[in-house]
Amino acid sequence: MQNLICMISKYLVLIFMTLYTIKCFTYFTAKDREKRTSNLNKQIFYIFMIHFLCHVMLLINMQEKKIMLYYLIEILIAVVYIVAFRTIYKNSSRLLTNNVAFLMLIGYTVLLRLSPKLAVRQFILASVGLIITLFIPFILSKLKNVKNWNTFYGIFGIILLASVFIPGIGKEINGSRNWIEIAGFSFQPMEFVKIVFIFFAASSLVKVSTMKELIVNALIAAAFMLVLVAEKDFGAVLLFYICYFMMVYLATSRPVFMFLGAALLVLACFAGYVLFKDSLFAHIMVRITAWKDPFKYIESEGYQLSESLFAIGTGGFAGTGLGRGMPYIIPVAESDFVFSAICEELGVIFGLALILVYLSSFIAIQNIAMKCKNPFYKYVTFGIAICYIFQVFLNIGGVTKFIPSTGVTLPLISYGISSVFSTLIMFSIVQYTYILVSDEADSVEKERQRIERKTEYSLAGNEGISGKGKRAGRKESY
């Protein structure tokens, strides 16, 4: 009986996941507000069903009564978040709110499967993050001069990045010195500096009017990346680099900067490989060796990637069922390789749908950026979109052997409060931009209605004058 329930639950999860993904995209094609609202309401139903069925499988396969308690608390926080955000900010994007809640619930569920202790820790700290980031749109609405703080962003961001080199608090993990530990609490400054970097680039690009100013701006941006190179955090270097050049392209509309960025990237990689192959690039070479032929080095460098590929292949399209695979064999499955764990037990179909959910959020954020008339928040939102989707690409590309692994986490799902908190901050900033766009649209609509009413009154007045003239003419003829 239990096997039957697990099998039914597994396939129902795939069905609801497919339906949720479809609603993510039909939202964009809906012609009226009622249709979009209907899609969003159905999404919430699918979220709750997926989450419930996943916990049913976990309860049966793990035989832990606490799982249902975790389920109730998780779903309560998700409901409070969705309702609170919509109540406080009536013009906020419900699609983004739904996707944030959905991705976080998937993250809690997978972590509960891999490590209940980490799942509880992530849930508590992420819930605090949800409460804090709930106030970000309100705070931004009160800060009118944030676009003028480019000097502050540059200095503060570089200092915060370099803080990992302070003796006693800086830590090196997996070959990269990009962690800080204070009073037993660890976090990655880079996760927060990437937001500061986007604000720096946006505030600088708003003011840039000459090529000289753009070069100075690029040199400061390069300083951020040089600090990351010194930390040996090359995944973050790529993230910052791509984000910056895409923002420059948006601000200037000159394709030459795209080609220049690509050329400089290739040149920098080649020079770094030749000059620092045995020092800075030593641990990167290990990852490249594993990427080239993981099965050849399965007993050493290629073990992690090999197990990742085995997990994805073992799960197949439908997955083994949550709690019935062996994702814990993959090293660091709870953070860097969480996508492989998802594919093994929930299936490749679920994994592909998850990628599309990420893509729908990216499209939504891009649409918001393109509609925003405020240049500063247009650039900020665009930068966040690029940073967000490129981070997804780096993570999933690494675990599927499409590119060498970079150690970048999967947004809102991987274990790591630094990553989750920074992503929540970015989504709250985007929500503020969406509110600006909605307010602009409302103002345009009110102005249109005012003009229409004025025109109607004018026409009515002319008809009245015309009617008086006709009556006067008739009176004279009598």
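Heads up: these notes are all about the structure in this document. (Residues numbered from 1 in each chain as written. Predicted model: local features only at pLDDT ≥ 70, side-chain atom pairs only at ≥ 80, totals over all residues. Heavy atoms only, no water.)

Let us now look at the sheet that holds strand S3 (residues 185-187). Here 3 strands make up an open sheet; going across it, the order is S1-S2-S3 and the pairing antiparallel. Edge positions in the sheet fall to strand S1 (170-173) and S3, since each has one partner strand and no second. For this sheet, the mean angle separating the axes of adjacent strands, direction not counted, is 40°. Direction of pairing for S1 relative to strand S2 (residues 176-182): antiparallel, over a ladder of 3 bridges. Its bridge partner being in S2, Ile 173 is matched across the sheet by Ser 176. (Pairing = 2+ DSSP bridges. Helix = DSSP H or I, 4+ residues; strand = E, 2+ residues; numbered from the N terminus. Axes fitted to C-alpha atoms, helices over the stretch in contact; angles between N-to-C directions.)

Below, the discussion takes up the packing of aromatic side chains. Following the criterion strictly, the structure yields 32 aromatic pairs and no others. Judged by centre distance (5.7 Å) and plane angle (65°), the ring pair of Tyr 153 and Phe 199 falls under edge-to-face. Within this pair, whereas Tyr 153 is found in helix H7 (residues 150-162), its partner Phe 199 is found in helix H8 (residues 189-207), the two being separated by 46 residues in sequence. Taken as a pair, Tyr 153 and Phe 199 share a single burial class, namely buried. An aromatic cluster of three or more residues is present, and its members are Trp 149, Phe 152, Tyr 153, Phe 156, Phe 199, Phe 376, Tyr 377 and Tyr 432. (Phe/Tyr/Trp six-rings, centres within 6.5 Å; stacked < 30°, edge-to-face > 60°. Buried < 20%, exposed > 50% of the residue type's maximum accessible area, 1.4 Å probe, protein only.)

Looking now at the pattern of salt bridges. Applying the stated criterion to the full structure yields 3 salt bridges. Of the charged contacts in the structure, one is a salt bridge between Glu 181 and Lys 171, with a shortest N-O distance of 3.2 Å. Here the residue Glu 181 occupies a position in strand S2, and Lys 171 occupies one in strand S1, the gap between them amounting to 10 residues. A relative accessible area of 31% places Glu 181 in the partly exposed class. Glu 191 serves as the salt-bridge partner of Lys 194, at 2.8 Å between the closest nitrogen and oxygen. Taken together, the positions of Lys 194 and Glu 191, both in helix H8 and 3 residues apart, correspond to about one turn of that helix. For the pair Lys 194 and Glu 191, a shared accessibility class is recorded, and that class is buried. (Salt bridge = Lys/Arg side-chain N within 4 Å of Asp/Glu carboxyl O.)

Positioned with a positive phi, Lys 232 is a non-glycine residue whose angle comes to about 65°. Located in the positive-phi region is Leu 412, a residue other than glycine, with phi close to 70°. Within the secondary structure, Leu 412 sits in the loop between helix H16 (375-399) and helix H17 (417-477).

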